[in-house]
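Residue-level listing of the chains:
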Amino acid sequence: MAANALYDITYGLYVVGCWSGHKPAGCIVNTCFQVTSENPRLAICLNKNNFTLNCIKKNPRFCISIISEDTDPFVISSFGFRSARDADKYEDFGYEELDGVPAVNGNFCGRLVVEASEFIDCGTHDIVVCRLVSSYGGSGVPMTYAYYHNVIKGNAPKNAPTYRAPEKSAVSPEPAKGNRKFRCDVCGYVVESETDLPEDFVCPVCGMNRSHFVEVES
Ligand SMILES: Cc1cc2nc3c(=O)[nH]c(=O)nc-3n(C[C@H](O)[C@H](O)[C@H](O)COP(=O)(O)O)c2cc1C
């Protein structure tokens, strides 16, 4: 099987914003497409381990913010590599309510408020079919998944339907092991090192640079 052929399927990137009770939650998805034009329906695909799926099953109305090339990439790290089970993803950005659902603040190409109507079981993931409730324009060029990989040099975590294990050459070498520990403040990855981390060190999990690593007690 030519697995690489799958890499040529193109996608955009989106922030899903939903409620967990009274708290805003949500995550990054690359899997969003329009299903019908009349009475527009859309679909997204969510991993069953993602808290966002639980939230949408309880509160079916949610917002899809269309990420642009000008969207702060930290939004992708914050929403795509941590779970709202244990992190407040909106803390650094804030949000506004659009038709009763949270939409993270920032530059986006547009926002779609939708309501889930069907959950299709696909094993590890559910396809969530939703009807469009309202839409809001924004500005900018929609970020493609290819742009995210090639320009931002971002990765996707294992819960993303299109996860690919990084090639060995794309991962910066781990520094010589020592008893100092540095923790990525975005995804929580911990690296042990003898010295300060090298200037060009990037997180092998979320792709953030050295400035996101904070030394923690060993
Ligand atoms: C670039 C990118 C694309 C992603 N695409 C999807 C997706 O389409 N579906 C999905 O379930 N998770 C996807 N993820 C993973 C979730 O955003 C991630 O697992 C998140 O931490 C889930 O948070 P939650 O537990 O608060 O729902 C993607 C992550 C990134 C960074």
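Residue indices follow the written sequence of each chain, beginning from 1 at its first position. It should be noted that, the model being predicted, local features are given only for residues of pLDDT at least 70 and side-chain atom pairs only at 80 or more, the latter also being counted only at that level, while totals for whole chains, interfaces and linings use all residues. Only heavy atoms go into the side-chain values, all of them from the structure, while hydrogens and water stay out.

## Focus: the site of the ligand
Item 1. By convention in these notes, a residue is near a molecule or strand provided one of its non-hydrogen atoms lies within 4 Å of it. As a structural note, the neighbourhood of the ligand is formed by 28 residues, with T31, N47, T52, S83 and A84 the closest of them.
Item 2. Polar contact is defined as a pair of N or O atoms within 3.5 Å, subject to the rule that within protein one atom must be able to donate a hydrogen and the other to accept it, and that residues adjacent in sequence are counted only when both atoms are side-chain atoms. Separating a nitrogen atom of the ligand from a side-chain N or O atom of N30 is a distance of 2.8 Å.
Item 3. Measuring from an oxygen atom of the ligand, one finds a side-chain N or O atom of N50 at 2.9 Å.
Item 4. For the ligand, whose free accessible area comes to 650 Å², the fraction covered by protein is 98%.
Item 5. Numbering of helices and strands starts at the N terminus; helices are DSSP runs of H or I of at least 4 residues and strands are runs of E of at least 2. At the level of secondary structure, the elements contributing two or more residues to the shell around the ligand comprise strand 2 (23-29), strand 4 (41-47), helix 1 (51-58), helix 2 (73-80) and helix 3 (145-150).
Item 6. Broken down by element, the residue count for the shell around the ligand peaks at 4 residues, all from strand 2.
Item 7. For this scheme, ten residues count as nonpolar: Ala, Val, Leu, Ile, Met, Phe, Trp, Tyr, Cys and Pro. Four count as charged, namely Asp, Glu, Lys and Arg, and the remainder, Gly too, count as polar. Per-class residue counts for the shell around the ligand are 15 nonpolar, 10 polar and 3 charged. Here the accessible surface of atoms and residues is derived via Shrake-Rupley with a 1.4 Å probe, and residues count as covered only by protein chains that are part of the display.

## A look at the sheet that holds strand 1 (residues 14-20)
Item 1. A sheet is described by the order of its strands in space; here 7 strands give the open sequence 2-1-5-8-9-4-3, paired in antiparallel fashion. At either end of the open sheet lies a strand with only one pairing partner, and these are strand 2 and strand 3 (32-36). Neighbouring strand axes in the sheet, compared pairwise and without regard to direction, differ in orientation by 35° on average.
Item 2. Bridging between strand 1 and strand 5 (residues 61-67) involves 4 bridges; their strand directions are antiparallel. In the sheet register, V16 faces strand 5, and the bridge partner there is I64.
Item 3. Sheet strands in contact with helix 1 are strand 1, strand 2, strand 4, strand 5, strand 8 (108-122) and strand 9 (125-137), and its direction is about 55° off that of strand 1.
Item 4. Any pair of residues with heavy atoms lying within 4.5 Å of one another is described as a contacting pair. To define axes, lines are fitted to C-alpha atoms, for helices over the stretch in contact only, and angles between the resulting N-to-C directions are given on a 0 to 180 degree scale. The sheet strands contacting helix 2 are strand 1, strand 2 and strand 5, and the helix crosses strand 2 at an angle near 105°. Think of it this way: DSSP has to see at least two bridges between two strands before they count as a pair.

## Quick look at the pattern of salt bridges
Item 1. Within this document, salt bridges are pairs made up of a side-chain nitrogen of Lys or Arg and a carboxyl oxygen of Asp or Glu, the two lying within 4 Å of each other. A full pass over the atoms with the stated rule returns 7 salt bridges.
Item 2. The closest approach of N and O atoms between K57 and D126, which form a salt bridge, is 3.1 Å. Of this pair, K57 sits in helix 1 while D126 sits in strand 9; the two residues are 69 residues apart in sequence, bridging distant segments of the chain.
Item 3. For D126, a relative accessible area of 4% puts it in the buried group.
Item 4. The shortest N-O distance in the salt bridge between R180 and D196 comes to 2.9 Å. Of this pair, R180 sits in strand 10 (residues 180-184) while D196 is found in the loop between strand 11 (190-193) and strand 12 (213-216), placing the two residues 16 residues apart along the sequence. Note on exposure labels: buried denotes an accessible area under 20% of the residue type's maximum, exposed denotes more than 50%, and partly exposed covers the range between, all computed with a 1.4 Å probe on protein chains only.

## A word on the packing of aromatic side chains
Item 1. Stacked, edge-to-face and tilted are the three classes for Phe, Tyr and Trp ring pairs, Trp counted by its six-membered ring, which pair at centre distances within 6.5 Å; planes under 30 degrees apart are stacked, over 60 edge-to-face, the rest tilted. This model, assessed by the stated rule, comprises 8 aromatic pairs.
Item 2. Measuring from ring centre to ring centre gives 6.0 Å for F74 and F93, while their planes differ by 55°; the resulting arrangement is tilted. Of this pair, F74 sits in helix 2 while F93 sits in the loop between helix 2 and strand 6 (95-98); the two residues are 19 residues apart in sequence, bridging distant segments of the chain.
Item 3. Of the residues examined, F74 reaches a relative accessible area of 22% and is grouped as partly exposed.
Item 4. You can call F93 buried: its relative accessible area is 15%.

## A closer look at the nonpolar core
Item 1. To qualify as a nonpolar core, a set must consist of buried Ala, Val, Leu, Ile, Met, Phe, Trp, Tyr and Cys residues joined through side-chain atoms within 4.5 Å. Counting residues in hydrophobic clusters, the biggest one holds 26 residues, and the most contacted among them are L13, V15, I67, F79 and F213.
Item 2. Elements represented by at least two residues in this core include exactly helix 2, helix 3 and strand 10.
Item 3. In terms of residues, this core owes the most to one element, helix 2, which gives 3 residues.
Item 4. Per the annotation, domain bounds derive from an automatic or database assignment of domains. Mapping this core onto the domain boundaries places at least three of its residues in each of domain 1 (9-150) and domain 2 (168-216).
Item 5. Filtering out sequence-adjacent residues up to four positions away, F79 remains in contact with V15, G26, C27, I28, K89, Y90, F93 and V104.
Item 6. Counting 22 residues, the second largest nonpolar core, distinct from the first, contains I44, L46, C55 and L112.

## Observations concerning the side chain of T31
Item 1. Mapping T31 onto the fold places it in the loop between strand 2 and strand 3.
Item 2. Of the polar contacts made by the side chain of T31, one reaches the backbone oxygen of C45; its length is 3.2 Å.

## Brief notes about the domain arrangement of the chain
Item 1. Domain parsing of the chain yields domain 1 (9-150) and domain 2 (168-216).
Item 2. Placing a centre on the C-alpha atoms of domain 1 and another on those of domain 2 gives a separation of 29 Å.
Item 3. Listed by partner, the interface residues are 5 residues for domain 1 and 6 residues for domain 2.
Item 4. The buried area of a pairing is the accessible area, by a 1.4 Å probe, that goes missing from both parts when the two are put together, added over both. Between domain 1 and domain 2 lies a buried interface of about 460 Å² when both sides are counted; carbon and sulfur atoms form 70% of it.
Item 5. Ranking the residues of domain 1 by area buried against domain 2 places F74, S77 and F81 at the top, with a combined share of 80%.
Item 6. If you look at where domain 1 meets domain 2, you find 0 salt bridges.
Item 7. Where domain 1 packs against domain 2, one counts 0 residue pairs in polar contact (both at pLDDT 80 or more).
Item 8. When its residues are assigned to classes, the side of domain 1 that touches domain 2 shows 2 nonpolar, 2 polar and 1 charged.

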